[in-house]
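Architecture and fold: a report
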Amino acid sequence: MSQYPALRLRRTRASEWSRRLHAETLLTPANLIWPLFVTEGEAEEPIASLPGVSRWGLKDIVARAREARDLGIPCLALFPNTPRELRTDDGREALNPDNRMCRAIRAIKDAVPEIGVLTDVALDPYTAHGHDGIVDAQGYVLNDETSAVLVDQALLQAEAGADIVAPSDMMDGRVGAIRGALEANGHVNVQIMAYAAKYASAFYGPFRDAVGSRGLLKGDKKTYQMDPANAEEALREVALDLAEGADSVMVKPGLPYLDIILRVKDAFQVPVFAYQVSGEYAMIEAAAAAGAGERDALVLETLMAFRRAGCSGMLTYHAPLAARLLAG
Ligand code: PBG
């Protein structure tokens, strides 16, 4: 038996004030993390496959940090593009305390200390083969050898001033190893956001252009990143990273994995973040350019979807646009 007409769900939707009053989910600039690419030179370098996104030199990166602060964006995520001649099989430039990444962290924390800085812990921007770790003769990424380097990389980033270190490599055991080293070295308040459920995805292409690893990458990342077929395994990954000391966990990519976000949030009640990745950004830009949708609306609707699914926040290249739109 229908409850209609006593119940008309359209009643609360009939006016703007009422829709606002009944909104179940809030989206604010405080939910945004802005990924930024750092380069060697001082000139801005636009990235063709990520229209509207550039690599920045140190001065400009500090300007972006001020812009983010003024927009109410609480946190930046930094990724370096390493000059080709500094990329080696072992990715040792990752451990140079004066590499572009460390200099960018210091420059931002000096100029805009009130903004959070999240750093990527992984070797792919520094390796000649484009993989996230050390490879053996067969090209297999070695787990424990890689993890040991990631520990040193994370410590270096913490010493440079990183507030959140975010291992994106998918090695087993690296969260515990990094947590132990941070504790032993006095970085008790440096957070770990684990890329816990990171899938071997076709949506990372423009990012690999941005950090300059696309042309270098040999093979794929399926022996360490997750199979898109798997959800239970994502819950096991999250459980492990939490047990090892992760403060928050990430699901990546974003929209194609909303089910994973929801299941992780339901199962663990911990802070969950989504990375709306480069390919997702590029799809929205392409849709807008083709007249298939309106950019601003597409951006806000997708970000709201992440919040509805349970995300505390989202990494998105649209962060400054979204923050401007949300400011009205
Ligand atoms: C690698 C890394 C990737 C991204 C962030 N860190 C790509 C990859 O795994 O190959 C992708 C982010 C994006 O596509 O926006 N450590």
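Below you will find a few notes about this structure. (Residues numbered from 1 in each chain as written. Predicted model: local features only at pLDDT ≥ 70, side-chain atom pairs only at ≥ 80, totals over all residues. Heavy atoms only, no water.)

With the rule as written, the count across this model stands at 3 cavities of 30 Å³ or more. Within this model, the largest cavity holds a volume of roughly 140 Å³. Along its surface, the largest cavity is lined by 17 residues, and Asp124, Lys198, Tyr204, Phe207 and Lys252 are the ones closest to its centre. At the level of elements, β7 (191-198) and α6 (205-210) are the ones that each hand at least two residues to the lining of the largest cavity. (1 Å grid on protein atoms, 1.4 Å probe; cavity = no way out; pocket = protein on both sides within 12 Å on 5 of 7 lines; lining within 4 Å. Points joined across faces, edges and corners; volume = space filled by probe spheres on them. Helix = DSSP H or I, 4+ residues; strand = E, 2+ residues; numbered from the N terminus.)

Below, the discussion takes up helix α10 (residues 295-309). Here α10 contains 15 residues, and its C-alpha end-to-end distance of 21 Å stays within 8% of the 21 Å for a straight helix at 1.5 Å per residue. Taken together, the buried positions of α10 are Val299, Thr302, Leu303, Ala305, Phe306 and Ala309. Looking straight down α10, one finds its buried side chains confined to an arc of 145°; they lie on one side. Exposed residues lying more than 90 degrees from the buried face of α10 are Glu301 and Arg308. Where α10 is buried, its residues touch β1 (32-38), α8 (258-268), β9 (272-276), α9 (278-289), β10 (313-316) and α11 (319-326). Where α10 ends, the next residue or the one after it, Gly310, has phi of about 125°, a positive value. (Expected span 1.5 Å × (residues − 1). Buried < 20%, exposed > 50% of the residue type's maximum accessible area, 1.4 Å probe, protein only. Arc of directions from axis to C-beta. Contact = heavy atoms within 4.5 Å.)

Before going further, it helps to spend a moment on the side chain of Ser248. With respect to the helices, strands and loops of the structure, Ser248 is situated in strand β8 (residues 248-252). On the basis of relative accessibility, which here comes to 4%, the residue Ser248 falls in the buried class.

On the surface, Arg8, Arg10, Arg11 and Arg13 cluster together into a positively charged patch. For Arg8, the position within the fold is in the segment before α1 (16-22). The class of Arg8 is partly exposed, set by a relative accessible area of 42%. (Patch = residues over 30% accessible without salt bridge, like charges linked within 9 Å, V, L, I, M, F, W, Y side chains within 5 Å. Areas by Shrake-Rupley, 256 points an atom, 1.4 Å probe, with all protein chains shown as cover. Salt bridge = Lys/Arg side-chain N within 4 Å of Asp/Glu carboxyl O. Lys, Arg positive; Asp, Glu negative; His and termini not counted. Charge placed at Lys NZ, Arg CZ, Asp CG, Glu CD.)

Let us now look at the site of the ligand. With respect to spatial proximity, 17 residues lie near the ligand, and among them Arg208, Lys221, Lys252, Ser278 and Tyr317 are the closest. A distance of 3.1 Å is found between a nitrogen atom of the ligand and a side-chain nitrogen or oxygen belonging to Asp132. Contact with the protein chains removes 100% of the 400 Å² of surface that the ligand exposes when unbound. Of the pockets mapped on this structure, the ligand occupies the largest cavity. In terms of residue class, the shell around the ligand is built from 7 nonpolar, 3 polar and 7 charged. (Near = heavy atom within 4 Å. Polar contact = N/O pair within 3.5 Å; in protein donor to acceptor, adjacent residues only side chain to side chain. Sits in = over half its atoms within 2 Å of the grid points. Nonpolar A, V, L, I, M, F, W, Y, C, P; charged D, E, K, R; others polar.)

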